[in-house]
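Structural overview
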Amino acid sequence: MVTPTTGPTAGTATGRTFNFPTLYFEATRACNLRCNICMSGSNDPQRVRQSRQEQLTAQEIEDLVFARVSEVGVKIIIWSGGEFLTRPDALDLLRGARRHGYRSSVCTNGLQLNQERLLAIREAGGDDLVISLGINSLDDSNSATRDAEVEVTLRALDLCESLGIKRHVVVNLGRHNLQTLGQTFDYLYQRRIPWNRSPFTAQGPGAQHFWNKTSPAKRWSVTPTRTCGDMPSGT
Ligand code: SF4
């Protein structure tokens, strides 16, 4: 998916001018978790198996993505999945993106992130690489939709900070975490961690959970102690 914006540094393709600075690239459907709300089908072994034949190889990504997307203005590639880091060639792809002049942001569930792995990721992606992690809440209800404890994410965020690696957090919003959103936003605000909020989408196998996870607009009156505009990079 390419996200359009406006700005002065548009690319050109087929004689027309485009400005799509960010490419969100689901580079694999494979994942090392099985979250029930998963929108990409990564919690469904059969889908994952089928998708292996459709997944672009490193050479195809080189030829079809790196060599071409600058023509429509792409500057940043957001690597996602599935879990991007389960691709054996993940670091090669980060190096390739950098070689072509793109910045990278890695969306990850954090399971693989230890000091050694993070240093290797930064070596491959460069100093401006961003590690992006997801949080529902800071308590046990984090695992209401994520097949992992929040401590995995918090440890990864702390490790990034200690290594000087840029961080970002996606906060999924739903019924399960409405009551704790203020606490979550305060935590991120105090640590100056950029974030964005993301509502659930009825897509993939996770769609069956859509109606009991999403929240009616009228319930937003309970949220949070800080407004989105108070936050670094809050959207
Ligand atoms: S970590 Fe993300 S990609 Fe993996 S199963 Fe969970 S929601 Fe799906």
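Cut-off values and rules
- Residues numbered from 1 in each chain as written.
- Predicted model: local features only at pLDDT ≥ 70, side-chain atom pairs only at ≥ 80, totals over all residues.
- Helix = DSSP H or I, 4+ residues; strand = E, 2+ residues; numbered from the N terminus.
- Buried ≥ 20, exposed ≤ 12 C-beta atoms within 10 Å, placed from the backbone.
- Pairing = 2+ DSSP bridges.
- Right-handed = clockwise from strand over helix to strand, strands pointing away.
- Near = placed C-beta within 6 Å.
- Nonpolar A, V, L, I, M, F, W, Y, C, P; charged D, E, K, R; others polar.
- pLDDT = per-residue confidence, 0-100.
- Contact = placed C-beta atoms within 7 Å.
- Arc of directions from axis to C-beta.
- Axes fitted to C-alpha atoms, helices over the stretch in contact; angles between N-to-C directions.
- Parallel < 35°, antiparallel > 145°, perpendicular 65-115°, else oblique.
- Left-handed = near helix turned anticlockwise from the far one by under 90°.

Here's the deal with unusual backbone geometry
Phi is mostly negative for residues that are not glycine, and the peptide bonds are mostly trans. Between Gly81 and the following residue, Gly82, the backbone shows a cis peptide bond with an omega angle of 15°. A positive phi angle is found at Arg192, which is not glycine, with a value near 55°. By the secondary structure assignment, Arg192 is in the loop between α6 (181–190) and β9 (195–199). Residue class for Arg192 comes out exposed when judged on the 11 C-beta atoms lying within 10 Å of it.

Considering the environment of Phe185
By secondary structure assignment, the location of Phe185 is in helix α6. The spatial distance from the C-alpha of Phe185 to the C-alpha of Val171 is 8.8 Å, given a sequence separation of 14 residues.

A word on the pairing of β9
Examined bridge by bridge, strand β8 (residues 166–173) and β9 share five bridges and lie parallel to one another. Note on β9: the bridge partner recorded for Val171 is Arg197. Handedness of the crossover is the feature at issue here: the chain leaves β8, passes through α6, returns alongside β9, and the resulting connection is right-handed.

So, the site of the ligand
Lining the immediate surroundings of the ligand are 13 residues, of which Cys31, Cys35, Cys38, Ser42 and Asn109 lie closest. When the residues that make up the shell around the ligand are grouped by side-chain class, the tally is four nonpolar, six polar and three charged.

Some details on the confidence of the model for the protein chain
The predicted model of the protein chain averages 85 in pLDDT, with 83% of residues at 70 or higher. Low pLDDT, under 50, characterises residues 1–8; the stretch is placed with 14 contacts to residues that sit more than four places away or in other chains. Segment residues 218–235: pLDDT under 50, and 30 contacts once partners within four positions in sequence are set aside and those in other chains are kept.

What to know about helix α2 (residues 58–66)
Every buried residue belonging to α2 is among Ile61, Val65 and Phe66, and all of these are buried. The buried residues of α2 all sit within an arc of 70° when viewed along its axis, so they share a single face. Structural note: α2 exposes Gln59, Glu60, Asp63 and Leu64 on the side pointing more than 90 degrees away from its buried face. Residues of α2 that are buried make contact with α3 (90–99).

Considering the packing of α2 against α3
Following both chains from N to C, one finds α2 and α3 inclined at 25°, their axes separated by 11 Å at the closest point. For the element pair α2 / α3, the angle class is roughly parallel. Crossing handedness for the pair α2 and α3: right-handed. Contacts between α2 and α3 involve Ala58, Ile61, Glu62 and Phe66 from the former and Asp92, Leu93, Gly96 and Ala97 from the latter.

Quick notes on the packing of α3 against helix α4 (residues 115–125)
In helix packing, the relevant descriptors are the interaxial angle and the interaxial distance, both defined with respect to the helix axes. Remark: α3 packs on α4, axes separated minimally by 7 Å, with the N-to-C direction vectors making an angle of 30°. What the angle tells us is that α3 and α4 run roughly parallel. Here α3 contributes Leu91, Leu94, Arg95 and Arg98 to the contact with α4, which in turn contributes Ala120, Ile121, Ala124 and Gly125. For the contact of α3 with α4, the per-class residue count stands at five nonpolar, one polar and two charged.

Section: α6
Each α-helix winds once per 3.6 residues, and so residues spaced three or four apart point in a common direction. Regarding α6, the residues found buried are Leu181, Thr184, Phe185 and Leu188. Down the axis of α6, the smallest arc covering the buried residues is 95°, so these residues share one side. Buried positions along α6 lie against β7 (130–135), β8 and β9.

Observations concerning the environment of Pro194
Locating Pro194 in the fold gives a position in the loop between α6 and β9. On a C-alpha basis, the gap between Pro194 and Val169 in space is 6.4 Å, while along the polypeptide they are 25 residues apart.

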